[in-house]
Amino acid sequence: MDIKKKIGIIGGGPSGIVSAKTANECGFDVVIFEKNDSIGGVWSITNGKAWDNMKTHISYVSMSFSDYFWDVPDERKPFYPSREEMYQYFYNYCKHFNILDKFKFKTNVIGVSQIEETKKWLIKSNTINNNGDNKKIINEEIFDFVIISTGFFSKKRDINIEKELKRFNGKIWTSEQYKNPIEFINKRVLIIGGFSSGIEIASDIAKDSKNVSLCCKRNCWIINRRFPNNELNLPVIDHCIRSREDEYKEITDTELNIIKNKSLNQITQNQRANEYFKMTRPVFETPQFVISDNFLDILKSGKIKVINKVVNYCKGNQVTFGNSNYGCWREDHVDQNETNEFDDIICCDGYDIDLSFLNDKIKKKISYDHSYPHMPILLHKHIFSPDLENIAFVGLFKGSSMIEMEIQARWVVYCWANLVKQPTREQMLNGISKELEIRNQNEPSDRPQFPVNSVKFCDEIAKEIGCLPDFEKLKQSDPHLYYILWYKMNHPATFRLVGPFSNKNAEYIIKNDFNHYYNKKKIEK
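Residue positions are given per chain, counted from 1 along the sequence in the order it is written. Residue-level local features of this predicted model are given only where pLDDT is at least 70; pairs of side-chain atoms are given and counted only at 80 or more, and the full residue set underlies all totals for whole chains, interfaces and linings. Side-chain metrics in this entry use all non-hydrogen atoms of the structure; hydrogen atoms and water are not considered.

Provide a residue-level description of the overall build of the protein chain, including the pertinent values.
In terms of helices and strands, the protein chain carries 15 helices and 20 strands. Against the globule reference of 24 Å for 525 residues, the protein chain gives a C-alpha radius of gyration of 24 Å, in line with a compact fold. Dimensions along the principal axes, computed over C-alpha positions, put the protein chain at roughly 80 × 60 × 45 Å. Within the protein chain, the proportion of its 525 residues that are buried is 53%. Throughout, a residue-residue contact means that at least one pair of heavy atoms, one from each residue, lies within 4.5 Å. Taking the intrachain contacts of the protein chain between residues at least 6 apart in sequence as the baseline, contacts between residues at least 24 apart amount to 67%. With residues, only the protein chains shown are counted as cover, and all accessible areas are computed by Shrake-Rupley using a 1.4 Å probe. Split by element, the accessible area of the protein chain, about 24,600 Å² in all, is 47% carbon and sulfur. Charge separation in the protein chain, taken as the distance between the mean sites of 73 positive and 69 negative side-chain charges, equals 1 Å. In DSSP terms, a helix is any run of H or I states spanning at least four residues, a strand is any run of E spanning at least two, and both are numbered starting from the N terminus. A radius of gyration in this sense is built from C-alpha atoms; the matching globule rule multiplies 2.2 Å by the number of residues raised to 0.38. Partly exposed describes any residue whose relative accessible area lies between the buried limit of under 20% and the exposed limit of over 50%, with all areas from a 1.4 Å probe on protein chains only and scaled to the type maximum. Here the positive residues are Lys and Arg and the negative ones are Asp and Glu; neither His nor the chain ends is included. In plain terms, the charge of a residue is placed at NZ if it is Lys, CZ if Arg, CG if Asp and CD if Glu.

The following block contains the structure:
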């Protein structure tokens, strides 16, 4: 009897879950190391970073894996799932594919090292003793392969203006600590950070607080989850941002930026003329956007005030803002300063990846550098290192969603299961050189908001796996399905139409979800 090869997976969020399911169906023995007490990562009910009222920015279709869809009638499907609904989806997925018993909860990985002679991996972890003395038990286990799936938002970024905030008398929070508006009722609240978390948290607490100020250096596009004033009420990201028709146009990056910025101005109903949050970035710059359904309306009502300056100094409950970081208050710039009083401050500085369990030798081989928060590691397709064998990374890039995580996980596991060929060293080095170009675009105005083009990224990996449909043939054999996949939806089930572990129901699932999106009659299975 053949002994199953073992895969150790670090992280029990979405990328770890789909990696485990894929490895399990390919016959591997799987162990998932999860430092908290439940599955779900960001979406965990007990330990996740999602707050109580948080909903997904993309629709339930994009928040699905390719062969397990929301098992509820169409009329009850949550178009934009809540935290609780996402957690339940992951739990049901794990239960359906029999991977719940693969988890080692409350198990913190403290070391990952390769055994040179065998090229296997040693995972060192600790757990809390259950006898009540809280003593940590050290465990060591050897694996044939390791997948790092700790997520891009695994560690709260250090507050970059900690010195300026030292003399503030009120309470200072991080976005990770924020769960609901209760703590901020009738309070004067300053939110530092004008991107996704900052804008969404400001909108969440505005109704109950006394007032909210949002400190941000530059404005970004604010788009609704659905198209405004559209009779079909279409989802913006799924319908517009992830279209093969647009992404495969042969144009320069500058031309694409101009097209996207003009489209975003239409979607936002002319934010370039919005006196409350005016978009002033040049049309040729890489667009930066945040999803929020009510921020601009709340801003117009006066419940949120935008301060396009930086924090220079705090004393008591007073916070002084200026046009640059002086580090202290300066009398010679008093005419440029603005001072307001606050009870609480919420710092929304973002998150970093956490690779504290890797030694410096491994970090060097993946070019780890936390001074590039938008791309802290360099890997081929954000997965493989040419200098490391039998280890891979899944979901460790900014903006990775479930469709990208899954296609990464499938490629990794299929390579190790000898279903497909692993990329050559030359291919990996070529891929990493392209990532290095993006990393070196260190100015936000130059670099893309997300390091991958979702459509092309998934299609390129799907081609390697053998699960990318032949769109030209599909255009002839099923024009309707081709129309959906090329012009309307980058559906996860696209990659189950053909290839390894294809799904005979994939076509039905795609067409039915399309009909649900566009309010058409449900098709018969």
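Having seen it, we continue.
Could you give an account of the sheet that holds strand 2 (residues 29–33), with specific residues and numbers?
Two strands qualify as a pair provided DSSP detects at least 2 bridges between them. A sheet is described by the order of its strands in space; here five strands give the open sequence 3-2-1-7-20, paired in parallel fashion. Each edge of the open sheet carries a strand with a single partner, namely strand 3 (103–104) and strand 20 (391–393). Those strands touched by helix 10 (residues 402–416) are strand 1 (6–10), strand 7 (145–148) and strand 20, and its axis lies near 175 degrees from that of strand 7. Between N-to-C directions, angles cover 0 to 180 degrees, with each direction set by a line fitted to C-alpha atoms, over the stretch in contact for helices.

Got a sec to walk through helix 7 (residues 253–267)? Specific residues and values, please.
To estimate how far a helix should extend, the number of its residues minus one is multiplied by 1.5 Å. With 15 residues, helix 7 should reach 21 Å at 1.5 Å per residue; the first-to-last C-alpha distance of 21 Å fits that figure. Among the residues of helix 7, Asn257, Asn261, Leu264, Asn265 and Ile267 are the ones counted as buried. All buried residues of helix 7 lie within an arc of 155 degrees about the axis, which places them on one face of the element. In helix 7, those exposed residues whose orientation departs by more than 90 degrees from the buried face are Lys262 and Gln266. The positive-phi residue at the C-terminal boundary of helix 7 is Gln269, with phi of around 55 degrees. By definition, the arc is the one covered by directions from the helix axis to the C-beta atoms.

Could you give an account of the sheet that holds strand 16 (residues 318–322), with specific residues and numbers?
With antiparallel pairing, the three strands of this open sheet are ordered in space as 15-16-17. The open sheet has two free edges, formed respectively by strand 15 (310–315) and strand 17 (338–341), since each of these has just one partner strand. In this sheet, neighbouring strand axes are inclined to one another by 25 degrees on average, regardless of whether the strands run parallel or antiparallel. In the sheet, strand 16 pairs with strand 17 via four bridges, with the strands oriented antiparallel. Bridge pairing in strand 17 places Phe321 opposite Glu338.

How would you summarise the nonpolar core if you had to cite specific residues and measurements?
Core analysis: the largest hydrophobic core is formed by 112 residues, its most contacted members being Phe90, Ile191, Ile205, Phe295, Ile304, Ile346 and Trp416. A per-element tally of this core places helix 10 first, with 11 residues. Residues Phe33, Ile123, Leu355 and Leu358 belong to the second largest nonpolar core, which totals 23 residues. The term nonpolar core refers to a set of buried residues drawn from Ala, Val, Leu, Ile, Met, Phe, Trp, Tyr and Cys, joined through side-chain atoms within 4.5 Å.

Lay out empty space enclosed by the protein in plain terms, naming residues and giving numbers.
The definitions used throughout rest on a 1 Å grid laid over the protein atoms alone, on which a cavity is an enclosed set of points accommodating a 1.4 Å probe that cannot get out and a pocket is an open set flanked by protein within 12 Å on both sides along at least five of seven lines; lining residues are those having an atom within 4 Å of a point. Grid points are joined across faces, edges and corners, and a volume is the space filled by probe spheres set on the points. This structure, assessed with the given rule, holds three cavities of 30 Å³ or more. There is about 50 Å³ of room inside the largest cavity. Across the lining of the largest cavity, the residue classes tally to six nonpolar, one polar and two charged. Gly is put with the polar residues, along with every residue not named as nonpolar or charged; the nonpolar set is Ala, Val, Leu, Ile, Met, Phe, Trp, Tyr, Cys and Pro, and the charged set is Asp, Glu, Lys and Arg.

How would you summarise the environment of Pro448 if you had to cite specific residues and measurements?
The topology assignment puts Pro448 in the loop between helix 11 (425–439) and helix 12 (454–465). Sequence separation between Pro448 and Gln288 is 160 residues; the distance between their C-alpha atoms is 8.0 Å. For Pro448, the residues in contact, after removing those within four places along its chain, are Thr286, Gln288, Ile438 and Gln441.

I'd love a proper account of the pattern of salt bridges, names of residues and values included.
The salt bridge definition used is simple: a Lys or Arg side-chain nitrogen within 4 Å of an Asp or Glu carboxyl oxygen. Under the definition given, this model contains 26 salt bridges. The closest approach of N and O atoms between Glu25 and Lys21, which form a salt bridge, is 3.2 Å. A residue pair is termed a helical-turn pair when its members lie 3 or 4 positions apart in one helix, as Glu25 and Lys21 do in helix 1 (residues 14–25) at four residues. Here Asp246 makes a salt bridge to Lys249, at a shortest N to O gap of 3.4 Å. According to the relative accessible area criterion, Asp246 is partly exposed, its value standing at 28%. Here Lys249 falls in the partly exposed class, since its relative accessible area comes to 39%. Through salt bridges with shared partners, a single network forms among Lys21, Glu25, Asp67, Glu406 and Arg496.

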